[in-house]
Amino acid sequence: EVVATIPVGVADRPLDRLTLEFQDTPWSSLYIDFPTKEIGQPVGETGAFLPPGHGIVAVSAGEEVGDFAHIFLTNRAFVGADVALGERGYNLIAVNREGDLLERAGFDTLADPANSAAMAAWINRWPEGTVIAGAVNDEASLHLGGDAVDGLAGLGVSTDLRGRFRWSHAFVGVVGTGKGTAREDAALLRPALAVVGLPVDGPVIFGGIGRVHFLAAP
């Protein structure tokens, strides 16, 4: 545990930035002995698993809290590679039971209502058991329709972004599972994060952070 005391007058802006600098040589996650590296990785409460040593990290940020979408995949071909298209709206990837990337797609449900139907059709064409991960970039609620929301529910996703302008939303679900069983996160005032398996969000690792806790001065 590292404790830092911030002098009075330093953190005096509406938004302050905390930067952590690691001086050690980075490691590839291939050589890190994660506790979960030898067991199957459960996908939320869906009952499905990724193979040992695999992982998906989906990160979403609405326009005001970062304006990005990343989906990091670790499998036999990638180590923490960002495979999301990074487009506005919903960014999705499909992964098979072996953890292999099948396809990636983006649907701008802010710009055009037709993209909601296209998103629903893309989700619904995958066979049962396919792992689908998603992350919203900027905004996805304005022209999001019930067809796409129902498609997401079929992956185990419970969040309905309709009426939630510029919310962050990230998830990892499985085709053919019950609503609410996916690993997901959604928020208005912060980025959203959904992690399954190895928590690797880059090809190299400098350090791990359990939490950052701010305490006000007495």
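Heads up: the structure comes first, above all this text.
Described below are features of the structure shown in this document. This is a predicted model, so every value here is computed, not measured.

What counts, and where the lines are drawn
- Residues numbered from 1 in each chain as written.
- Predicted model: local features only at pLDDT ≥ 70, side-chain atom pairs only at ≥ 80, totals over all residues.
- Heavy atoms only, no water.
- Helix = DSSP H or I, 4+ residues; strand = E, 2+ residues; numbered from the N terminus.
- Buried < 20%, exposed > 50% of the residue type's maximum accessible area, 1.4 Å probe, protein only.
- Contact = heavy atoms within 4.5 Å.
- Areas by Shrake-Rupley, 256 points an atom, 1.4 Å probe, with all protein chains shown as cover.
- Lys, Arg positive; Asp, Glu negative; His and termini not counted.
- Charge placed at Lys NZ, Arg CZ, Asp CG, Glu CD.
- Phe/Tyr/Trp six-rings, centres within 6.5 Å; stacked < 30°, edge-to-face > 60°.
- Lys NZ or Arg CZ within 6 Å of the ring centre and 35° of its normal.
- 1 Å grid on protein atoms, 1.4 Å probe; cavity = no way out; pocket = protein on both sides within 12 Å on 5 of 7 lines; lining within 4 Å.
- Points joined across faces, edges and corners; volume = space filled by probe spheres on them.
- Nonpolar A, V, L, I, M, F, W, Y, C, P; charged D, E, K, R; others polar.
- Pairing = 2+ DSSP bridges.

Overview of the overall build of the chain
Turning to step 1, where the next piece is worked out: Each helix and strand in the chain was counted, giving two helices and 13 strands.
Turning to step 2, where the next piece is worked out: Taking the principal axes of its C-alpha atoms as reference, the chain extends roughly 55 × 40 × 25 Å.
Turning to step 3, where the next piece is worked out: Expressed as a percentage of its 218 residues, the buried residues of the chain come to 44%.
Turning to step 4, where the next piece is worked out: Of the contacts formed within the chain by residues at least 6 apart in sequence, a portion of 57% connects residues at least 24 apart.
Turning to step 5, where the next piece is worked out: A total of about 12100 Å² of accessible surface is found on the chain, and carbon and sulfur atoms cover 54% of it.
Turning to step 6, where the next piece is worked out: The average position of the 15 basic charges and that of the 27 acidic charges among the side chains of the chain differ by 2 Å.

Side note on the packing of aromatic side chains
Turning to step 1, where the next piece is worked out: This model, assessed by the stated rule, comprises two aromatic pairs.
Turning to step 2, where the next piece is worked out: Their ring planes at 70° and their centres at 5.5 Å tell us that W122 and W126 sit as a pair that is edge-to-face. Side by side, W122 and W126 carry an identical accessibility label, which is buried.
Turning to step 3, where the next piece is worked out: Taken together, F107, W122 and W126 form an aromatic cluster joined through their ring pairs.
Turning to step 4, where the next piece is worked out: In this arrangement the basic side chain of R125 is found over the ring face of W126, its NZ or CZ atom lying 4.5 Å from the centre.
Turning to step 5, where the next piece is worked out: The ring of W167 has R164 lying over it, and the distance from NZ or CZ to the ring centre is 4.8 Å.

A short note on the layout of surface pockets
Turning to step 1, where the next piece is worked out: Computed from the structure, the largest pocket encloses a volume of approximately 2600 Å³.
Turning to step 2, where the next piece is worked out: The wall of the largest pocket is formed by 50 residues, among which L18, L20, I209, V212 and F214 lie closest to the centre.
Turning to step 3, where the next piece is worked out: Those elements that provide at least two residues to the lining of the largest pocket are β4 (55-62), β5 (68-74), β12 (192-197) and β13 (204-205).
Turning to step 4, where the next piece is worked out: A per-class count over the lining of the largest pocket returns 34 nonpolar, eight polar and eight charged.

A closer look at the pairing of strand β10 (residues 168-174)
Turning to step 1, where the next piece is worked out: The buried fraction of β10 amounts to seven of the seven residues, a majority that puts the element mostly inside the structure.
Turning to step 2, where the next piece is worked out: Here β10 shows no split at all, with S168, A170, V172 and V174 on one side and H169, F171 and G173 on the other all buried.
Turning to step 3, where the next piece is worked out: Alignment of strand β9 (residues 131-138) against β10, held across five bridges, turns out to be antiparallel. When the bridges of β10 are listed, A135 appears paired with A170.
Turning to step 4, where the next piece is worked out: Bridge analysis of β10 against strand β11 (residues 183-187) gives five bridges, and the strand direction is antiparallel. Paired with V172 across the two strands is R183, which belongs to β11.

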